[in-house]
Amino acid sequence: MTIPAIPQLPLLDGGSIPQVGTGTLIAKGNELADTLAQAIGEGFRLLDTAAQYANEGAVGEAIRRSGVDRAEIFLTTKIAGMDQGRGHTRHGLTDSLRRLATDYVDLLLIHWPNPSRGLALETWQEMLDLQAEGLVRHVGVSNFLPQQLTELHDATGVWPVANQIQLSPALARTELRAFCRERGIVVEGWSPLGQKEGTMEQLVVKKIADRIGVTKGQVILRWAVQQGCVVIPASKNPERRHANADLFGFELTDQDMTDLATLDLGEHAAWDPNTHEEW
Ligand SMILES: NC(=O)c1ccc[n+]([C@@H]2O[C@H](COP(=O)([O-])OP(=O)(O)OC[C@H]3O[C@@H](n4cnc5c(N)ncnc54)[C@H](OP(=O)(O)O)[C@@H]3O)[C@@H](O)[C@H]2O)c1
């Protein structure tokens, strides 16, 4: 089952990114390689992995099994907390490239800012070097707040092209998204279905889905793409994958957006990048 064409969003550095991709935290090993190869065959081009997920080997294998040219894939990986800092960042990326069996990634993100160690800026500076060397096409971050983004920009004059954040109608991140939008930083939503927050079970979502004749997942994902965000839902199920990508043939009304805004639990309900750290 082929998915509909996915629009591209412009990046600050002149490149572009598919607006819908697939996450990779759904399976491991052979099962993940087969699932992702199938997803690539269906038309998914944006793949989201991370050193921390311990699945880069399977992601690389999926690209190989898919038979699709590497140049057609938009591959994202992330520098883990343990690999932050001068020298370590380069090693972190080199190890990822080996596991992914590729000689470049399309987008490299700092996975979490981890402020207690204060290494995000050094990491960012080294990522700019890696970009200049052609090992990375685009550089961005994940889970950064406005002041953490500003610190990188103030020191280097370069904004990350993307900020991948926890995002769904239940975690609307309105101020953070506005900050990014004003600077041209693309917001990518992780856990975009808001499963842990119970977004799928909300009556308002069901009512909108029934009226439009789409699934609840499509309503939730459309909420993000209609506001110019990238989403990377992950599913082992081909029908759900298809629905997750079929977001551009319908629109939510202003009233729908107002109704969905009532689901926002507020910024305090999101994992706080000032205190939540990952290694
Ligand atoms: N940067 C970060 O810090 C960070 C953190 C977490 C995740 N991520 C990335 O973001 C990706 C997505 O996040 P996530 O995996 O946490 O959450 P998600 O994609 O929102 O949810 C995945 C779960 O939802 C189910 N699902 C998918 N589509 C569905 C649909 N249409 N209807 C009902 N259920 C559906 C899947 O089960 P089935 O397989 O059974 O469909 C799976 O259990 C990850 O895979 C990872 O690449 C990044």
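Note that the structure is predicted; figures quoted are calculated from it, not measured.

Criteria and thresholds
Residues numbered from 1 in each chain as written. Predicted model: local features only at pLDDT ≥ 70, side-chain atom pairs only at ≥ 80, totals over all residues. Heavy atoms only, no water. Helix = DSSP H or I, 4+ residues; strand = E, 2+ residues; numbered from the N terminus. Rg over C-alpha atoms; globule rule 2.2 N^0.38 Å. Buried < 20%, exposed > 50% of the residue type's maximum accessible area, 1.4 Å probe, protein only. Contact = heavy atoms within 4.5 Å. Areas by Shrake-Rupley, 256 points an atom, 1.4 Å probe, with all protein chains shown as cover. Lys, Arg positive; Asp, Glu negative; His and termini not counted. Charge placed at Lys NZ, Arg CZ, Asp CG, Glu CD. Pairing = 2+ DSSP bridges. Right-handed = clockwise from strand over helix to strand, strands pointing away. Near = heavy atom within 4 Å. Polar contact = N/O pair within 3.5 Å; in protein donor to acceptor, adjacent residues only side chain to side chain. Nonpolar A, V, L, I, M, F, W, Y, C, P; charged D, E, K, R; others polar. Arc of directions from axis to C-beta.

Draft legend 1. Highlighting the overall build of the protein chain. For the protein chain, the count of helices and strands is 10 helices and 10 strands. For the protein chain, whose C-alpha radius of gyration is 18 Å, the value lies close to the compact-globule estimate of 19 Å for 279 residues. The C-alpha extent of the protein chain, read off along each of the three principal axes, is 55 × 40 × 30 Å. Out of the 279 residues belonging to the protein chain, those deemed buried represent 57%. Partitioning the contacts of the protein chain with sequence separation of at least 6, the portion at a separation of at least 24 is 75%. When the accessible surface of the protein chain is split by element, carbon and sulfur atoms take 51% of a total near 11,700 Å². Seen as two clouds, the 25 positive and the 36 negative side-chain charges of the protein chain have centres 4 Å apart.

Draft legend 2. Seen up close, the sheet that holds strand β5 (residues 74-79). The eight strands lie next to each other as β3-β4-β5-β6-β7-β8-β9-β10, forming an open sheet whose pairing is parallel. Across the chains shown, the open sheet's two edge strands, defined by having one partner strand only, are β3 (22-23) and β10 (230-231). Note: strand β7 (residues 136-142) against strand β8 (residues 162-166), two bridges, orientation parallel. Opposite valine 141, over in β8, you have asparagine 163 as the bridge partner.

Draft legend 3. Fine view of the side chain of serine 168. Examined against the element boundaries, serine 168 turns out to sit in the loop between β8 and α6 (174-183). Residue contacts for serine 168: discarding those within four places in its chain leaves Ser191, Pro192, Leu193, Gly194, Glu197, Thr199 and Trp223.

Draft legend 4. Structural detail: the pairing of strand β9 (residues 186-190). Counting buried positions over the five residues of β9 gives five, a clear majority of the element. Where burial is concerned, the two faces of β9 agree: the one with Val186, Glu188 and Trp190 and the one with Val187 and Gly189 are both buried. Read from β8 through α6 to β9, the crossover connection turns out right-handed. Looking at chain direction, β9 and β10 are connected through two bridges and run parallel. Looking across to β10, one finds that glycine 189 is bridged to valine 231.

Draft legend 5. Region of interest: the site of the ligand. Taken together, the neighbourhood of the ligand is formed by 24 residues, with Asp48, Ser191, Gln195, Ser235 and Arg240 sitting nearest. Within the backbone of leucine 193, one N or O atom sits 3.2 Å away from an oxygen atom of the ligand. The contact in question runs from an oxygen atom of the ligand to an N or O atom on the backbone of alanine 234, over 2.9 Å. Against a free-state accessible area of 900 Å², the protein chains account for coverage of 81% of the ligand. Split by residue class, the shell around the ligand holds 10 nonpolar, 10 polar and four charged.

Draft legend 6. Looking closely at helix α10 (residues 254-261). Within the sequence span of α10, burial applies to Asp256, Met257 and Leu260. Down the axis of α10, the buried side of the element spans an arc of 100 degrees, and every buried residue falls inside it. Lining the buried residues of α10 we find α7 (203-212) and α8 (216-225).

Draft legend 7. Spatial organisation of helix α9 (residues 238-245). Looking at α9, one finds that the buried residues are Arg241, His242, Ala243, Asn244 and Ala245. Tucked inside the fold, the buried residues of α9 contact α1 (29-42) and α8.

Draft legend 8. How the structure looks around the environment of threonine 89. Tracing the backbone through its elements, the reader meets threonine 89 in helix α3 (residues 88-100). Assessed through its relative accessible area of 0%, threonine 89 is described here as buried. Sequence-wise, threonine 89 and glutamine 125 are 36 residues apart; in three dimensions their C-alpha atoms are separated by 9.6 Å. Apart from the residues lying within four places of it in its own chain, the contact partners of threonine 89 are Ile79, Asp83, Gln84, Thr123, Glu126, Met127 and Leu130. Here glycine 85 takes part through its backbone oxygen, which lies 2.9 Å from a polar atom of the side chain of threonine 89.

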